Amino acid sequence: MSVAEPTGPTTALRKDAVGVVGILFFVLSAQAPLTGIVGAAALAVALGNGAGAPGAYLVVGLVIILFAVGFTTITRYVDSVGGFYALIRAGLGVSVARVGSWLALITYNTIQAAMYGLFGATASGLIARYLHVDVAWWVVVLATVALVYAFGRRNIEVGARVMAVLVSAEVAILLAFAIGVIAQGSAPHGFDLTASFGPHAVTAGAPGIAVLFAIASMFGFESTAIYAGEAREPQRTVPRATYLSVSLIAVFFAFIMWVLISYYGAGAAQGAALDTLATDPGNFVLGPVSSVLGGWAADLTSVLLCTSLLAGLLAFHNIVNRYLHAMAEHDELPRRLCRTNRHQAPAVAAAVQSITVVLVMAWFMIGDKNPVATLFGWLSGQAVAALVVLYVLVSISIIRYFRSHRVHSNAWSTTVAPAVSVVLMLGELFIIVKNFQTLTGGSQTTCEVLLWSVPAVTLLGWLVSTAFKRRARSGAVEVAVETAA
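Residues numbered from 1 in each chain as written. Predicted model: local features only at pLDDT ≥ 70, side-chain atom pairs only at ≥ 80, totals over all residues. Heavy atoms only, no water.

Remarks on helix α15 (residues 347-366)
1) Next: With 20 residues, α15 extends 28 Å between its outermost C-alpha atoms, agreeing within 8% with the 28 Å of an ideal straight helix rising 1.5 Å per residue.
2) Next: Remark: the principal bend of α15, roughly 40 degrees, maps to Val 360.
3) Next: Every buried residue of α15 is listed here: Ala 347, Ala 349, Ala 350, Gln 353, Ser 354, Val 357, Met 361, Phe 364 and Met 365.
4) Next: Those residues of α15 that are buried lie in contact with α5 (94-131), α6 (137-152), α14 (295-329) and α16 (371-404). (Helix = DSSP H or I, 4+ residues; strand = E, 2+ residues; numbered from the N terminus. Expected span 1.5 Å × (residues − 1). Bend = angle between axes of the 7 residues up to and from the residue. Buried < 20%, exposed > 50% of the residue type's maximum accessible area, 1.4 Å probe, protein only. Contact = heavy atoms within 4.5 Å.)

Description of a nonpolar patch on the surface
1) Next: A cluster of nonpolar side chains, namely Trp 412, Val 416, Val 420 and Leu 424, defines an oily patch on the protein surface of about 320 Å² accessible area.
2) Next: Structurally, Val 416 is set in helix α17 (residues 411-434).
3) Next: Residue classification places Val 416 among the partly exposed positions, given a relative accessible area of 37%. (Patch = residues over 30% accessible without salt bridge, like charges linked within 9 Å, V, L, I, M, F, W, Y side chains within 5 Å. Areas by Shrake-Rupley, 256 points an atom, 1.4 Å probe, with all protein chains shown as cover. Salt bridge = Lys/Arg side-chain N within 4 Å of Asp/Glu carboxyl O.)

Quick look at the pattern of salt bridges
1) Next: For the coordinates displayed, the defined rule picks out 3 salt bridges.
2) Next: Notably, a salt bridge pairs Glu 332 with Arg 98, separated by 2.6 Å at the nearest N-O pair. With Glu 332 in the loop between α14 and α15 and Arg 98 in helix α5, this residue pair connects regions lying 234 residues apart in the sequence.
3) Next: The residue Asp 299 makes a salt bridge to Arg 129 at a minimum N-O spacing of 2.9 Å. Linking Asp 299 in helix α14 with Arg 129 in helix α5, this pair joins segments that are 170 residues apart in sequence.
4) Next: Using a relative accessible area of 26% as the deciding quantity, one classes Asp 299 as partly exposed.
5) Next: Since its relative accessible area comes to 48%, Arg 129 is described here as partly exposed.

Structural notes on the nonpolar core
1) Next: Counting residues in each nonpolar core, the largest one holds 143 residues, and the members touching the most others are Tyr 57, Phe 84, Tyr 108, Phe 284, Met 361 and Ile 432.
2) Next: With 17 residues, α16 is the largest single contributor of residues to this core.
3) Next: Setting aside its immediate chain neighbours within four residues, Tyr 57 contacts Ala 40, Ala 44, Phe 213, Ala 214, Ser 217, Met 218, Phe 253, Ala 254 and Met 257. (Core = buried A, V, L, I, M, F, W, Y, C linked by side-chain atoms within 4.5 Å.)

Points about unusual backbone geometry
1) Next: Despite not being glycine, His 132 shows a phi value in the positive range, around 55 degrees.
2) Next: Here His 132 is to be found in the loop between α5 and α6.
3) Next: Its identity as a non-glycine residue notwithstanding, Asp 368 has a phi of 50 degrees, on the positive side.
4) Next: Relative to the helices and strands, Asp 368 resides in the loop between α15 and α16.

Topic: the layout of surface pockets
1) Next: Volume-wise, the largest pocket comes out at about 1,000 Å³.
2) Next: For the lining of the largest pocket, the secondary-structure elements that each account for two or more residues are α1 (20-31), α2 (33-49), α5, α10 (207-217), α14, α16 and α18 (436-440).
3) Next: When residues in the lining of the largest pocket are grouped by element, the largest group, 8 residues, is from α5.
4) Next: The computed volume of the second largest pocket comes to approximately 530 Å³.
5) Next: Looking at the second largest pocket, it is lined by 23 residues, and the ones nearest its centre are Ile 106, Thr 110, Val 360, Gln 382 and Val 457.
6) Next: Listing elements by their share of the lining of the second largest pocket, those giving two or more residues are α5, α14, α15, α16 and α19 (444-484).
7) Next: With 7 residues, α15 is the largest single contributor of residues to the lining of the second largest pocket.
8) Next: Here the lining of the second largest pocket is composed, by residue class, of 16 nonpolar, 7 polar and no charged. (1 Å grid on protein atoms, 1.4 Å probe; cavity = no way out; pocket = protein on both sides within 12 Å on 5 of 7 lines; lining within 4 Å. Points joined across faces, edges and corners; volume = space filled by probe spheres on them. Nonpolar A, V, L, I, M, F, W, Y, C, P; charged D, E, K, R; others polar.)

Thoughts on the packing of α2 against helix α3 (residues 53-74)
1) Next: The contact between α2 and α3 brings their axes to 9 Å, and the two run at 105 degrees. Judged by the angle between their axes, α2 and α3 are roughly perpendicular. Each of Ala 40, Ala 44, Val 45 and Asn 49 in α2 lies in contact with α3, whose residues at this interface are Ala 53, Ala 56 and Tyr 57.
2) Next: Of the residues belonging to the contact of α2 with α3, the class tally is 6 nonpolar, 1 polar and no charged. (Axes fitted to C-alpha atoms, helices over the stretch in contact; angles between N-to-C directions. Parallel < 35°, antiparallel > 145°, perpendicular 65-115°, else oblique.)

Topic: the environment of Val 171
1) Next: Here Val 171 is to be found in helix α7 (residues 156-184).
2) Next: Along the backbone, Val 171 and Thr 75 are 96 residues apart, and their C-alpha atoms lie at a distance of 29 Å.
3) Next: With sequence-adjacent residues up to four places away left out, Val 171 is seen in contact with Pro 33 and Phe 252.

Considering the packing of aromatic side chains
1) Next: This structure, assessed with the given rule, holds 15 aromatic pairs.
2) Next: Their ring planes at 75 degrees and their centres at 6.4 Å tell us that Phe 84 and Tyr 391 sit as a pair that is edge-to-face. Of the two residues, Phe 84 is situated in helix α4 (residues 84-92) and Tyr 391 in helix α16; the sequence distance between them amounts to 307 residues. Both residues of the pair, Phe 84 and Tyr 391, count as buried.
3) Next: Judged by centre distance (4.7 Å) and plane angle (0 degrees), the ring pair of Tyr 264 and Phe 284 falls under stacked. Taken as a pair, Tyr 264 in helix α11 (residues 234-264) and Phe 284 in helix α13 (residues 283-293) lie far apart in primary sequence, 20 residues in all.
4) Next: Exposure remark for Tyr 264: the relative accessible area of 18% places this residue in the buried category.
5) Next: Taken together, Phe 67, Phe 71, Phe 84 and Tyr 391 form an aromatic cluster joined through their ring pairs. (Phe/Tyr/Trp six-rings, centres within 6.5 Å; stacked < 30°, edge-to-face > 60°.)

What follows is the structure in structure tokens.
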């Protein structure tokens, strides 16, 4: 006997809808493995530490796992519906949580806008190549915003299934390349682990640049907590999905990068990467893929790059929807934003998110700016900087929460790991700010505007949320007085 779906206005999300595997695919979609490899590999190798780039990815993975120790521990005791908002509120209070929630909205809206820029450029290029039709990148983007919105209105299981297919395809082509290099012995100088993972290799050149691109590539693992309200047994599902996603993506990125370095040879990889920067950085990966698997594989990889970006766009769309939903439920935003449709999806929030991301991109679209050099380059760097600030706030909140609530006796997971995480994340933030112009490709003025706009918009958002909260409290008091009278 089927259970009837809600027909009237509700605010409830779909319960027990996804398990560990479903959440894992949402997270892997946000991290967009193929996008991360094709988009960042040449830059990390050329401008960073050369053959030591795979080791930098592994180091960043270990740092994030350290953050995940406290992150997964607190999710066992705190209702993490609302993601960072809920976790920061638990330890640092509502006022700081508002800052965190607006930082999260800035982070995920800007990274989605950035990905739309890369998607528009890639998709319009493919349309011109195969269909011989010239379509402006922003036309493709607007059509895709509508498609993502349509998926965002459906129940979460549909999104999980779509993402599972798209992520599996992009991972498969990268694994096929790696297996081909190993099986065919395509590495001209053999497979040298120490050349990529030895301490001397990791610290060579400008390791901070490689670390910076590694952080950008692993974006999104923390979104496991945002799906707690729709997960089966969230106290177990969220920690498992978090550890799995961080471990898999760190090992996967390091492995593929190592195979890529081995293909070129440790001594020649940095030079090859520098050569591609003058033309198309993506060829640093697409060239070897074509050489090892055949010309068809490069074409397929270009298509899969689009589907990888599409999966990421849908993942970040869902994340922002659920932040808006949670904030509205706590009267930080208009209550209408927490309304759900018959699929128990946050449909109103989905519409608002879609409109917001179009507004974020409006200046780039109206001016027909280069979507890769400006929209993608500028906003992805801004998003990474904002996200690391969030990591710091959450780690401090974890320490504060467990000092106030003696519910977990393991000092490693409640104090030591989060404290070390704060120090390491502040170090990463320093690297990001110091190398921000390299990360974004913008001018000095552009970089300053991008960095300072984060606290400015956060403060404005905090004031908006505070005003809505006060109005909600005032309304509640008036109702209570009328009832008492």
